[in-house]
Amino acid sequence: PYRRQRQMCIRDRIIFDIYENNAYLRDGKSNLVSKVVELHGETYATTVKMGLSKTPNTATSAKVKIDAAYLETYNKAHNTDFALYPQDLVTFANEGILTVNANTKSAEVEMTIRAGEGLQEDKTYAIPVAISDQSSDITIKDEDAKHCIYLVKDMRNAGDAYKGEGVMQGYLFFEVNDVNPLNTLSFQLENGKLLWDVVVLFAANINYDSEAGRPYIKCNPNVQYLLDNNETLLQPLRKRGIKVLLGLLGNHDMAGLAQLSTEGAKVFAREVAQYCKAYNLDGVNYDDEYSLYPDLGNPSFATPSAQAGARLCYETKQVMPDKLVTVFAYGNMYGVESVDGVDVDEWIDIVVPNYGSAAYPLGNMDKWKCAGLAAEFNLHGGGSLDSYGAQKILSGGYGSVSYTHLRA
């Protein structure tokens, strides 16, 4: 009798699900659940989109609003401490009303975020937006589907690298062993804007701590020197609008970025987030190289795979959603479309290819998150960015170009 009752409950649940019209919320421009907004001007305009699982027979509606109470839940889930963005600086068109017409599956409403006095630089604010007052024929399954989050940063005084919305970016790995990162500021365009938008400290390592029995971040003396003196060597870049990332790669032991277990990835991701917070960095770049096969008897490790590499990226984005999670598309670091049903577009921000090639998108990602060219300054390899090559990258829809090992 119990089995029969359970089977009937499952059958009834499936039948009920068929007739539900489930709603979800996204940023309309990016289709992301969590959208980072950088305020380079006085206003930022986007749309909030409500999607439905099926087309309604007749027009149906809902509203969107700021759900301030949800921020506590979000911060607890992500181990963050984001402050609520001033609600009087956020407006929705048409009082936030969304109308989904028959034979369509989504509707959007304009949202405007204004800058204001009192916003702190280097602080992330959150705008939790939620569906409310939905028609009776719309079902919302859980809090995640009901909400989308805007993470807002005031960048008005850090615009020397900002070239405008939709303009290709320069992504640079610089060798910490023989270069001063402040030399990055020497590269300028004719209009005075800085050439490089993102720079990577190349590189710290993932290593194995045999006493603790777990992987950890190890910084060689040159990386540690930059971190210890980041107010004079790194923050001047950030104050001009250049994002500074910590590069991480293997270091000839069994600790590898694409061979961590789920729990191992969660623990290591929290350490990465702590580094970024402690040294005021903008994110991380993962490079799966130079690692040995792991001891699978250790609960921190798993068989090397693209799924394990994706898991680390996913867990990293969970604990630092306002930071950049970027990858070098090499080894097992890139190649999986989703983790726990969440599309790769939600947890990887930039993909850098190997020398001489272009990165490729996965899942819902488009080429704007991919570098269209990667070259090596010191060895003069990987291709050149002549006028023909530049035009090809632009017409291809790529969002950045990548160079490595600046020596100056």
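Located above this text is the structure these notes cover.
## Some thoughts on the overall build of the protein chain
At step 1: Along the protein chain, the regular secondary structure elements total 9 helices and 21 strands.
At step 2: Its C-alpha atoms give the protein chain a radius of gyration of 23 Å, near enough to 22 Å, the size a compact globule of 408 residues would have.
At step 3: Taking the principal axes of the C-alpha coordinates as reference, the protein chain spans close to 65 × 60 × 45 Å.
At step 4: By the burial criterion, 50% of the 408 residues in the protein chain qualify as buried.
At step 5: Of the contacts made within the protein chain by residues no fewer than 6 positions apart, 76% connect residues no fewer than 24 positions apart.
At step 6: By element, 48% of the accessible surface of the protein chain is carried by carbon and sulfur atoms, the whole surface being about 19200 Å².
At step 7: One finds the centroid of the 38 positive side-chain charges in the protein chain at a distance of 5 Å from the centroid of its 51 negative side-chain charges.

## Things to note about the pattern of salt bridges
At step 1: What the rule picks out here adds up to 15 salt bridges.
At step 2: One salt bridge connects Arg156 with Glu42, and the closest N-O pair in it is separated by 3.4 Å. Of this pair, Arg156 sits in the loop between strand S10 (147–154) and strand S11 (169–175) while Glu42 sits in the loop between strand S2 (34–39) and strand S3 (43–52), and the two are 114 residues apart along the sequence.
At step 3: The exposure class assigned to Arg156 is partly exposed, which follows from its relative accessible area of 26%.

## A few points about helix H8 (residues 306–319)
A turn of α-helix holds 3.6 residues, and therefore any two residues three or four places apart point the same way.
At step 1: Between the first and last C-alpha of H8 there are 20 Å, a value that for 14 residues agrees with the 20 Å anticipated at 1.5 Å per step.
At step 2: For H8, the tally of buried residues reaches 11 of 14 residues, placing the bulk of the element in the interior.
At step 3: Taken residue by residue, H8 has Ala308, Gly309, Ala310, Arg311, Leu312, Cys313, Tyr314, Glu315, Thr316, Lys317 and Val319 as its buried positions.
At step 4: In this structure, the buried residues of H8 make contact with helix H2 (70–78), helix H7 (262–278), strand S15 (283–287), strand S16 (324–328), strand S17 (338–339) and strand S18 (342–343).

## As for the side chain of Thr80
At step 1: Relative to the helices and strands, Thr80 resides in the loop between H2 and strand S5 (83–84).
At step 2: The exposure class of Thr80 is buried, given its relative accessible area of 15%.

## As for the pairing of strand S7 (residues 97–100)
At step 1: Residues of S7 alternate between two faces, with Leu98 and Val100 buried on one and Ile97 and Thr99 left unburied on the opposite face.
At step 2: Sheet topology note: the strand S4 (residues 60–66)/S7 ladder contains 4 bridges and is antiparallel. Across the sheet, Lys63 pairs through a bridge with Ile97, a residue of S7.

## A closer look at the packing of aromatic side chains
At step 1: Applying the stated rule across the entire model yields 10 aromatic pairs.
At step 2: A ring pair is formed by Tyr85 and Tyr125, whose centres lie 5.8 Å apart and whose planes are at 85°; its orientation type is edge-to-face. Here Tyr85 is found in the loop between S5 and strand S6 (90–92), whereas its partner Tyr125 is found in strand S9 (residues 124–132), with 40 residues between them in sequence.
At step 3: Aromatic side chains Phe173 and Phe202 sit 5.8 Å apart centroid to centroid with 90° between the ring planes, which places their arrangement in the edge-to-face category. Here Phe173 is found in strand S11, whereas its partner Phe202 is found in strand S12 (residues 198–209), with 29 residues between them in sequence.
At step 4: By relative accessible area, which is 18% here, Phe202 ends up buried.
At step 5: Chaining the aromatic ring pairs together yields one cluster made of Tyr171, Phe173 and Phe202.
At step 6: The ring of Tyr44 carries Lys29 above its face, with NZ or CZ at 5.0 Å from the centroid.

Quick notes on the rules
Residues numbered from 1 in each chain as written. Predicted model: local features only at pLDDT ≥ 70, side-chain atom pairs only at ≥ 80, totals over all residues. Heavy atoms only, no water. Helix = DSSP H or I, 4+ residues; strand = E, 2+ residues; numbered from the N terminus. Rg over C-alpha atoms; globule rule 2.2 N^0.38 Å. Buried < 20%, exposed > 50% of the residue type's maximum accessible area, 1.4 Å probe, protein only. Contact = heavy atoms within 4.5 Å. Areas by Shrake-Rupley, 256 points an atom, 1.4 Å probe, with all protein chains shown as cover. Lys, Arg positive; Asp, Glu negative; His and termini not counted. Charge placed at Lys NZ, Arg CZ, Asp CG, Glu CD. Salt bridge = Lys/Arg side-chain N within 4 Å of Asp/Glu carboxyl O. Expected span 1.5 Å × (residues − 1). Pairing = 2+ DSSP bridges. Phe/Tyr/Trp six-rings, centres within 6.5 Å; stacked < 30°, edge-to-face > 60°. Lys NZ or Arg CZ within 6 Å of the ring centre and 35° of its normal.

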